[in-house]
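Each chain is listed here by its residues.
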Amino acid sequence: MQVSHTPAAVTAAFDDPNLVAQAGLVPVLRLAERCGLSRLVAERVKLGGAKNGAGAAADAKVSSIVAGMAAGADSIDDLHILRHGAMPALFRGVRAPSTLGTFLRAFTHGHALQLHAVHRRFLGQLAAHTPLLPGSGEKAFIDVDSTHKRVYGRAKQGAEYGRFKGIRTLHPCSPRSARPAPGR
């Protein structure tokens, strides 16, 4: 069976300059401002020697990338959502996706470590401003050593030699211990 007519072309466009599709970003970015994201980036991230001005205004570029990711962007091209509708009226300093891509491509391993330093400090500020983890002010020590249990017999699934000389052991997180035994 076939349809006897062709469907009409339907398109939808988000073209009203007064609408905001991502209004939920306002409290997210206000929290980021209170926790000092822009200030930390300006202090810690220095892209010296980057071509085409890629290192200029790193604080605005990182804030734009964070806002885009919070809005659902998962690629550089998706960061264009920050420039639609009335978003420029809500947020200052939003950068174009091409500018953000140039910025990210200028990163070296050292620059990534600078951004990691920002992340560590920002996360501490975020935890202080949002009491989401009750008791987080107390210290807790967690032992995460790897446990190897000695086993006897050759049929034990996932057991192997090698970790300790001459002793057959089983590690609970070993990928081999999750496999079914041969012939079963």
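Colleague: Where do I start with the environment of Ala89 in this structure?
Modeller: Relative to the assigned elements, Ala89 resides in helix H4 (residues 87–90). Given the relative accessible area of 70%, Ala89 is considered exposed. For the pair Ala89 and Pro17, spaced 72 residues apart in sequence, the C-alpha separation works out to 9.6 Å.

Colleague: It is not clear to me how the layout of surface pockets should be interpreted in this structure. Could you clarify?
Modeller: One simple way to see leftover space: roll a probe sized like a water molecule over the atoms. Empty space within the largest pocket amounts to approximately 470 Å³. Of all the elements in the fold, those that place two or more residues in the lining of the largest pocket are helix H1 (25–34), helix H2 (37–44) and helix H3 (58–70). When its residues are assigned to classes, the lining of the largest pocket shows 10 nonpolar, four polar and four charged. Approximately 220 Å³ is the volume attributed to the second largest pocket. In this structure, the second largest pocket is lined by Leu37, Val62, Ile65, Val66, Met69, Phe103, Leu104, Leu115, Val118, His119 and Phe122.

Colleague: I keep staring at the nonpolar core and nothing clicks. Help me out?
Modeller: One broad trend across soluble globular proteins is that nonpolar side chains are buried collectively. Core analysis: the biggest nonpolar cluster contains 18 residues, and Leu37, Val41, Val45, Phe103, Val118 and Phe122 have the highest contact counts within it. Looking at this core, the elements with two or more residues in it are H1, H2, H3, helix H5 (97–105) and helix H6 (109–129). When residues no more than four places from it in sequence are discounted, the contact partners of Leu37 are Ala32, Ser63, Val66, Val118 and Phe122. Leu25, Ala67, Ala71 and Leu82 belong to the second-largest nonpolar core, a separate cluster that totals seven residues.

Colleague: Looking at this model, I keep getting lost on the side chain of Ser64. Mind explaining?
Modeller: Its place among the elements puts Ser64 in helix H3. Reaching out from Ser64, the side chain makes a polar contact with the backbone oxygen of Ala60 at a distance of 2.9 Å. Beyond its immediate stretch of four places on either side in the chain, Ser64 contacts Leu79, Leu82, Gly93, Val94, Arg95 and Leu100.

Colleague: Help me understand H3 in this model?
Modeller: Quick reminder: α-helices carry 3.6 residues per turn. Residues three or four places apart thus point the same way. Its 13 residues place the ends of H3 18 Å apart at the C-alpha level, agreeing with the 18 Å of an ideal helix rising 1.5 Å per residue. Three or more residues of H3 are buried, namely Ala58, Ala60, Lys61, Val62, Ser63, Ser64, Ile65, Ala67 and Gly68. Tucked into the core, H3 has its buried residues touching H1, H2, H5 and H6. Downstream of H3 by one or two residues, Gly72 has phi in the positive range, about 110°.

Rules behind the numbers
Residues numbered from 1 in each chain as written. Predicted model: local features only at pLDDT ≥ 70, side-chain atom pairs only at ≥ 80, totals over all residues. Heavy atoms only, no water. Helix = DSSP H or I, 4+ residues; strand = E, 2+ residues; numbered from the N terminus. Buried < 20%, exposed > 50% of the residue type's maximum accessible area, 1.4 Å probe, protein only. 1 Å grid on protein atoms, 1.4 Å probe; cavity = no way out; pocket = protein on both sides within 12 Å on 5 of 7 lines; lining within 4 Å. Points joined across faces, edges and corners; volume = space filled by probe spheres on them. Nonpolar A, V, L, I, M, F, W, Y, C, P; charged D, E, K, R; others polar. Core = buried A, V, L, I, M, F, W, Y, C linked by side-chain atoms within 4.5 Å. Contact = heavy atoms within 4.5 Å. Polar contact = N/O pair within 3.5 Å; in protein donor to acceptor, adjacent residues only side chain to side chain. Expected span 1.5 Å × (residues − 1).

Geometry only, nothing functional implied.
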